[in-house]
Amino acid sequence: MVMKLVFVCPTHKKVFRSADFTILDNKGIITGPAGEKTLDAKVVLNSPCPFCSEKHTYRATELSCPFDRSEDLEIRRGRTPMGQSKKIRLTATVAGSG
């Protein structure tokens, strides 16, 4: 199974999905003050953005959750403007910890 992440072109404010990315500066999972867990990393596109041909870099917390069905419908309709999407929260389970 290929995992496609949801990206927003910062130039044209258009949403697209891509599986062609690399995770950089991965500092792992950090826990916030309320106990929420987030990935402290950057995600860079390996291939150019389909809208502006740039290879954008994003903080993992800037990406929309690829598993949110309501947002998926809005993405297909082209209605998810930049800055109004839900943020991805990645959680980790360590084997043998529970």
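These numbers were taken from a predicted model, which means no experiment stands behind them.

Notes on the nonpolar core
Residues L5, F7, C9, F16, V43, L45, C49, C52, Y58 and L63 constitute the largest nonpolar core, which totals 10 residues. Sorting the residues of this core by element identifies strand 1 (5–8) and strand 6 (42–45) as the ones contributing at least two each. Setting aside chain neighbours within four positions, we find L45 in contact with F7, F16, S18, D20, F21, E54, K55, H56 and Y58.

With respect to the side chain of H56
Here H56 lies in the loop between strand 6 and strand 7 (57–59). A residue is classified by how much of its surface remains accessible, and H56, at 9% relative accessible area, is buried.

As for the sheet that holds strand 3 (residues 21–24)
Taken in spatial order, the 3 strands make up an open sheet running 3-6-7, and their pairing is antiparallel. The sheet is open, and its two edges are formed by strand 3 and strand 7, each paired on a single side. Each strand of the sheet is rotated relative to its neighbour by a mean of 25°, with strand direction disregarded.

About the cut-offs
Residues numbered from 1 in each chain as written. Predicted model: local features only at pLDDT ≥ 70, side-chain atom pairs only at ≥ 80, totals over all residues. Heavy atoms only, no water. Core = buried A, V, L, I, M, F, W, Y, C linked by side-chain atoms within 4.5 Å. Buried < 20%, exposed > 50% of the residue type's maximum accessible area, 1.4 Å probe, protein only. Helix = DSSP H or I, 4+ residues; strand = E, 2+ residues; numbered from the N terminus. Contact = heavy atoms within 4.5 Å. Pairing = 2+ DSSP bridges. Axes fitted to C-alpha atoms, helices over the stretch in contact; angles between N-to-C directions.

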